[in-house]
Amino acid sequence: MTSPIFKYLIATTAGFATLAAASIASAQDLKPFKVLTANNTACSIFAQHVAEELGFYKDEGLDVELLASATTVPYIAFLQNGDADIVMLDSAQVLQMANEGIAASVVYEAYQFAPEGIVVVKDSPVRGLGELKGKIIGLASDRDVITTTIALESVGLKIDDVTTVVVGDSGPVMAKALRDKTIDAFAGGQSDRAGIEAAGIEIRNITPPEVNENPANSFAVWNATKEEKRPQIEGFLRAWAKAQLAAVVNTKIVKSVCRKVVPEQWEDEASGHKLLDQSIYITQLSRTKNFGELQPDVWSRIQPTLVRLGEAPAEIDPAKFLDDSFIAGANDFTTAEVKEGLIKWRDANQAAMLP
């Protein structure tokens, strides 16, 4: 005669076996989806990590792989070769793609506000861009010449009115250049500024907001396969949009997610908070009715300057490279779904929660 305890053990073991089999089957049911963003390891692009941690990708049946962003291969080539299902391009890259007749389309604006800008130390006598004439501006890289030129021209100055020098993107090096006054201002991206602050330098952004009003980073897909991959593309964008909303609904939980995933960006906790606040409420805050909504008028407005600066070959009708057919699906979710994901993560990660 089988004892009740033995019967319980048999039932429990069978139950665990069933659960294990279900978990394996569930994992096998997830479709691989390869994504190339501007920086796969950065918490400044918080949605890529939040969507994973809160289970939004899994909810869409996706096994998302973030490809290494540090590559010399043009991002668009990853689409052409089928090595990525979706890639993030800056506005200049999009216009180059369109001018070259590459058969790809922008389907979602991830950033509707550019992260680049010009900063000075907090106690600098320079109050605005117009006072930079004759000054030395440090750059994170050669590409920041474009940012600097656009910013200066917004106040009537030319790039020849200042001296530019590349100081690199090492936080301590950038901070030292400002501290030692070998540069009067610094031009770079959001992560660069976070590096400066983490090194102990308080800075002030003197870039007018209108300079940054453009789709700085957008998702593009390959036209030949976008219908075949439509369910996966739409699901990925919906997960991304939910992550964007999650950051506004409960910033503390999203910051806790980012600190868990990218702890090195939180070694200086104040810098971590500032980086995420800028990402959530400035660069990646939705400035349209729907998340990721495409803005043809903005794309038209930014083109003349980019063409004149040699960043794009010629102006082109946005209708030729924008496809808004994914936006409705990307926004087909409720705030309640987002809150549920936040609460589940919080309850399962109490030790990781920020105080």
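Residues numbered from 1 in each chain as written. Predicted model: local features only at pLDDT ≥ 70, side-chain atom pairs only at ≥ 80, totals over all residues. Heavy atoms only, no water.

Student: Could you give me a rundown of the pattern of salt bridges, with the residues and numbers involved?
Tutor: Overall, the coordinates contain 17 salt bridges when judged by the stated rule. A salt bridge links glutamate 197 to lysine 274; the nearest nitrogen and oxygen atoms lie 2.6 Å apart. Taken together, the residues glutamate 197 in helix α8 (residues 190–198) and lysine 274 in helix α11 (residues 269–283) connect sequence positions 77 residues apart. A residue is classified by how much of its surface remains accessible, and glutamate 197, at 13% relative accessible area, is buried. A relative accessible area of 34% places lysine 274 in the partly exposed class. The partner of glutamate 337 in a salt bridge is lysine 242, and the shortest N-O contact between them spans 3.7 Å. Of the two residues, glutamate 337 is situated in helix α14 (residues 335–348) and lysine 242 in helix α9 (residues 230–249); the sequence distance between them amounts to 95 residues. A relative accessible area of 3% means that lysine 242 is categorised as buried. (Salt bridge = Lys/Arg side-chain N within 4 Å of Asp/Glu carboxyl O. Helix = DSSP H or I, 4+ residues; strand = E, 2+ residues; numbered from the N terminus. Buried < 20%, exposed > 50% of the residue type's maximum accessible area, 1.4 Å probe, protein only.)

Student: Run through the pairing of strand β7 (residues 163–166), naming residues and quoting values.
Tutor: Pairing geometry for strand β6 (residues 136–139) and β7, over 4 bridges, is parallel. Across the sheet, residue isoleucine 136 finds its bridge partner in β7, namely threonine 163. (Pairing = 2+ DSSP bridges.)

Student: Lay out the packing of α8 against α11 with the relevant residues and their values.
Tutor: For the pair α8 and α11, the least separation of the axes is 9 Å and the interaxial angle reads 155°. The angle between the axes of α8 and α11 places the two elements in the roughly antiparallel class. Judged by the twist between their axes, the crossing of α8 over α11 is right-handed. Residues Gln190, Arg193, Ala194, Glu197 and Ala198 of α8 lie in contact with α11, whose contacting residues are Ser271, Lys274, Leu275, Gln278, Ser279 and Thr283. Residues that form the contact of α8 with α11 fall into these classes: 3 nonpolar, 5 polar and 3 charged. (Axes fitted to C-alpha atoms, helices over the stretch in contact; angles between N-to-C directions. Parallel < 35°, antiparallel > 145°, perpendicular 65-115°, else oblique. Left-handed = near helix turned anticlockwise from the far one by under 90°. Contact = heavy atoms within 4.5 Å. Nonpolar A, V, L, I, M, F, W, Y, C, P; charged D, E, K, R; others polar.)

Student: Summarise unusual backbone geometry; cite the residues concerned and give the values.
Tutor: Among all residues except glycine, the phi angle is most often negative; among peptide bonds, the trans geometry is most common. Unlike most non-glycine residues, lysine 181 shows phi in positive territory, near 60°. Within the secondary structure layout, lysine 181 lies in the loop between α7 (171–179) and β8 (185–188). When its relative accessible area of 67% is taken as the criterion, lysine 181 is described as exposed.

Student: So what about the sheet that holds strand β4 (residues 104–111)? Which residues, and what values?
Tutor: Strand pairing in a sheet is mediated by backbone hydrogen bonds. Such pairs are either parallel or antiparallel. One open sheet accounts for 5 strands, arranged β2-β1-β3-β10-β4; its pairing is mixed. Lying at the two open borders of the sheet, with one neighbouring strand each, are β2 (62–66) and β4. Pairwise comparison of adjacent strand axes, ignoring direction, gives a mean angle of 30° for this sheet. The strands touched by α9 are β1 (31–36), β2, β3 (86–90), β4 and β10 (217–222); relative to β4, the strand with the most contacts, the crossing angle is about 15°.

Student: An account of the sheet that holds strand β5 (residues 117–121) is needed here, citing residue identities and associated values.
Tutor: Strand order in this open sheet of 5 strands is β7-β6-β8-β5-β9, and the pairing throughout is mixed. Only two strands of the sheet have a single neighbouring strand rather than two, namely β7 and β9 (203–205). Adjacent strand axes in the sheet meet at a mean angle of 30° when their direction is disregarded. With 3 bridges joining them, β5 and β9 adopt antiparallel strand pairing.

Student: Could you give an account of the packing of aromatic side chains, with specific residues and numbers?
Tutor: How two aromatic rings sit relative to each other is given by the distance of their centres and the angle of their planes. Under the defined criterion, the tally for this structure stands at 8 aromatic pairs. With 5.7 Å between their ring centres and 15° between their planes, tyrosine 57 and phenylalanine 236 make a pair best called stacked. One end of the pair, tyrosine 57, is in helix α3 (residues 56–59); the other, phenylalanine 236, is in helix α9, and 179 residues separate them in sequence. For phenylalanine 236, a relative accessible area of 0% gives the class buried. Here the aromatic cluster, defined as three or more aromatic residues joined through ring pairs, consists of Phe33, Tyr57, Tyr108, Phe219, Phe236 and Trp240. For arginine 230, the ring lying beneath its charged end belongs to phenylalanine 326, and the centroid distance is 4.0 Å. (Phe/Tyr/Trp six-rings, centres within 6.5 Å; stacked < 30°, edge-to-face > 60°. Lys NZ or Arg CZ within 6 Å of the ring centre and 35° of its normal.)

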